[in-house]
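Observations on the three-dimensional arrangement
Next come the chains, spelled out residue by residue.
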Amino acid sequence: MAQSVSNPQWTGSLGYTQLDGDQGDLGAVTGRVTAKMSRYFGVEGEASVGVKDEDISFAGVDGKLEHDYDAAIYGVANVPVSPNLELFGRVGYGTTSIKADVAGVTAQADGESVNYGAGANWFFDSQNGLRADWTRRDFQDDGGELDTYGLSYVRRF
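Below, the structure is looked at part by part. (Residues numbered from 1 in each chain as written. Predicted model: local features only at pLDDT ≥ 70, side-chain atom pairs only at ≥ 80, totals over all residues. Heavy atoms only, no water.)

**Description of the overall build of the protein**
Check the secondary structure of the protein and you find zero helices and nine strands. Of the regular secondary structure in the protein, the N- to C-terminal order runs β-β-β-β-β-β-β-β-β. For the protein, the spread of C-alpha atoms along the principal axes amounts to about 60 × 30 × 20 Å. Buried positions account for 38% of the 157 residues belonging to the protein. Long-range pairs, those at least 24 residues apart, make up 52% of the contacts in the protein between residues at least 6 apart in sequence. With the model as given, the accessible surface of the protein reaches about 8300 Å², and the carbon-plus-sulfur share is 60%. (Helix = DSSP H or I, 4+ residues; strand = E, 2+ residues; numbered from the N terminus. Buried < 20%, exposed > 50% of the residue type's maximum accessible area, 1.4 Å probe, protein only. Contact = heavy atoms within 4.5 Å. Areas by Shrake-Rupley, 256 points an atom, 1.4 Å probe, with all protein chains shown as cover.)

**Some words on the nonpolar core**
Side chains of nonpolar character tend, in soluble globular proteins, to be buried together. Core analysis: the largest hydrophobic core is formed by seven residues, namely L19, L26, A28, L65, I98, F139 and L146. Setting aside residues no more than four positions away along its own chain, L146 makes contact with L19, D20, G21, T135, R136, R137 and F139. (Core = buried A, V, L, I, M, F, W, Y, C linked by side-chain atoms within 4.5 Å.)

**What about the packing of aromatic side chains?**
Counted by the stated rule, this structure contains two aromatic pairs. Between Y116 and W134, the ring centres sit 6.1 Å apart and the planes meet at 75 degrees, which makes this aromatic pair edge-to-face. Here Y116 is found in strand β7 (residues 105-123), whereas its partner W134 is found in strand β8 (residues 128-139), with 18 residues between them in sequence. Under the relative-accessibility criterion, Y116 is labelled partly exposed at 30%. Ring geometry for W122 against F124: centres 5.7 Å apart, planes inclined by 50 degrees, an arrangement best described as tilted. The class for W122 is partly exposed, based on a relative accessible area of 44%. Given a relative accessible area of 45%, F124 falls into the partly exposed group. Lying across the ring of Y74, R90 places its NZ or CZ 3.8 Å from the centre. A cation over an aromatic ring shows up here: R156 above the ring of F123, its NZ or CZ 3.6 Å from the ring centre. (Phe/Tyr/Trp six-rings, centres within 6.5 Å; stacked < 30°, edge-to-face > 60°. Lys NZ or Arg CZ within 6 Å of the ring centre and 35° of its normal.)

**Quick notes on the pairing of strand β5 (residues 61-82)**
Within a regular strand, the side chains alternate between the two sheet faces. Pairing between strand β3 (residues 41-52) and β5: nine bridges, direction antiparallel. Among the inter-strand pairings, G45 is bridged to a residue of β5, identified as I73. (Pairing = 2+ DSSP bridges.)

This is a description of form; function is not addressed.
Shown next as structure tokens:
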């Protein structure tokens with residue numbers, strides 16, 4: 001299928017993302033829209049909403065750590081291996097919000113990050129497939145790092 005800036009190939013994906021960081025292990029449902037502008041390059045937007053919290057203890061008081069939301073935009077480089085398999089790398093910028101609730105006191109931290117990662121899309125027919133990816137988020141202002149691992153259903157349009 002021919003693609004161009006004026007007529008990109010679109011894909012959408014929906015899946016689960018595990019967030020592993022110093023703060024704990026959290027989970028989110030992630031949706032993405034990707035526009036391949038050529039065989040090798042595209043842009044991607046993603047948004048996630050937290051669905052798995054982490055129990056925490058602070059100064060002997062129990063509480064919860066929650067992934068509230070995140071959103072990011074990426075430039076994507078694709079390497080087609082076969083008609084049904086493509087590898088990709090991506091670099092982008094995102095924002096993440098995490099909340100902590102300890103003894104009835106809620107605190108929220110928002111962080112901006114430079115994100116980079118890699119993954120693969122495997123299509124079991126011409127339109128439907130699976131996506132596996134890893135992304136590192138490097139937060140600004142010494143905010144630390146966060147690794148994410150995702151598995152998603154992908155649909156070509």
